[in-house]
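If you want the building blocks of each chain, they are given just below.
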Amino acid sequence: MGFDLSSYLDRVGLRGESPSFAAVHRAHATTIVFENFDPSSGRPVVLDVHNLADKMVTRGRGGYCFEHNMLLKAALEEMGIGPVELMLARVRIGGTGADRPLDHLLLRVTEGGRSWLADVGFGGGGLLDPVPFEVGFESDQSGWLYRLVEDGPEFVLQVFQDGAWTDMYGFVPEPVPVIDVEVSNWYTATHPTSSFVTGLLIGRRSSERCLSLFVFEQAVLVERPVGGASEVTEVPRTEVPLLLAERFGIGGATLRADGRLDLVIP
């Protein structure tokens, strides 16, 4: 049984359309939330496309980068767009990335003789649209600016925020096989020191706003409007379930007796 493209397009708000690659990218990025409730709660993260479609399309869940971008890859290939190649990156935002694992998945998509960086799985601050796979090209996405620069053997995706260019992640621009993605996903979802295991990272993207929630020892909401400075607010843990429902569209979150947050799985 093949990938159900029609249901996927319904899920991202493109029912009855024959959308472009760019339209699908933006629709996915602004519709399906970023969340890591499964690894945070000890549930396995399975990258088989049918499991991803059941979770993120049929049951309306979100996911994290490996899930988002593997689902997008399946949709693009079903649309006849490609080739779609897998690449692994080290996250740099909040640090140098030098001591971080390859725990982020992105895609290189070739369409019409041009290559693009596609990524719908970087949470609240991620891309709206694909970025040309070209060093130095500034991509204006509804007022948000992104570009690729070189740093030794790596390409680095940067975002212009709070008045300066900020590194998001760096990667060697070479495709990797699915087995390498599986290994990175397993590490990210199960290693006891992985931030996806030790806490919650929730993101929602719109053309006007980046919204991120980080729940570790403290719960912190980061909100950034287009063209504006980041606003950081601490949130009492008891208020997080209501915040998730009202601002992120995630219902069913519960605060356990041990203080951790979990999700009632649909």
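Residues numbered from 1 in each chain as written. Predicted model: local features only at pLDDT ≥ 70, side-chain atom pairs only at ≥ 80, totals over all residues. Heavy atoms only, no water.

J.: Would you take a moment to explain the packing of aromatic side chains for this structure?
T.: Any pair of aromatic rings gets described here by the distance separating the centres and the angle formed by the planes. Evaluation of the coordinates by the stated rule reveals ten aromatic pairs. Measuring from centroid to centroid gives 5.3 Å for Tyr64 and Phe196, while their planes differ by 75 degrees, and the two rings are edge-to-face. Of this pair, Tyr64 sits in the loop between helix H4 (49-58) and helix H5 (65-78) while Phe196 sits in helix H7 (residues 195-198), and the two are 132 residues apart along the sequence. Each member of the pair Tyr64 and Phe196 is classed as buried. When the ring of Phe122 is compared with that of Tyr169, the centres are 5.4 Å apart and the planes differ by 55 degrees; the resulting orientation is tilted. Of this pair, Phe122 sits in the loop between strand S3 (114-118) and strand S4 (131-132) while Tyr169 sits in strand S8 (residues 164-171); the two residues are 47 residues apart in sequence, bridging distant segments of the chain. For Phe122, a relative accessible area of 17% puts it in the buried group. Aromatic rings pair up to connect Phe122, Phe133, Phe155, Tyr169 and Phe171 into one cluster. The residue whose ring lies beneath Arg114 is Phe137, and the NZ or CZ to ring-centre distance is 5.6 Å. (Phe/Tyr/Trp six-rings, centres within 6.5 Å; stacked < 30°, edge-to-face > 60°. Helix = DSSP H or I, 4+ residues; strand = E, 2+ residues; numbered from the N terminus. Buried < 20%, exposed > 50% of the residue type's maximum accessible area, 1.4 Å probe, protein only. Lys NZ or Arg CZ within 6 Å of the ring centre and 35° of its normal.)

J.: Looking at this structure, how should I read the environment of Phe133?
T.: Within the secondary structure layout, Phe133 lies in the loop between S4 and strand S5 (139-141). For Phe133, a relative accessible area of 12% corresponds to the buried category. For Phe133 and Ala229, which are 96 residues apart along the polypeptide, the C-alpha to C-alpha distance reads 28 Å. Excluding residues that lie within four positions of it along the chain, Phe133 makes contacts with Met87, Arg108, Ser115, Trp116, Leu117, Leu148, Phe155, Phe171 and Pro173. (Contact = heavy atoms within 4.5 Å.)

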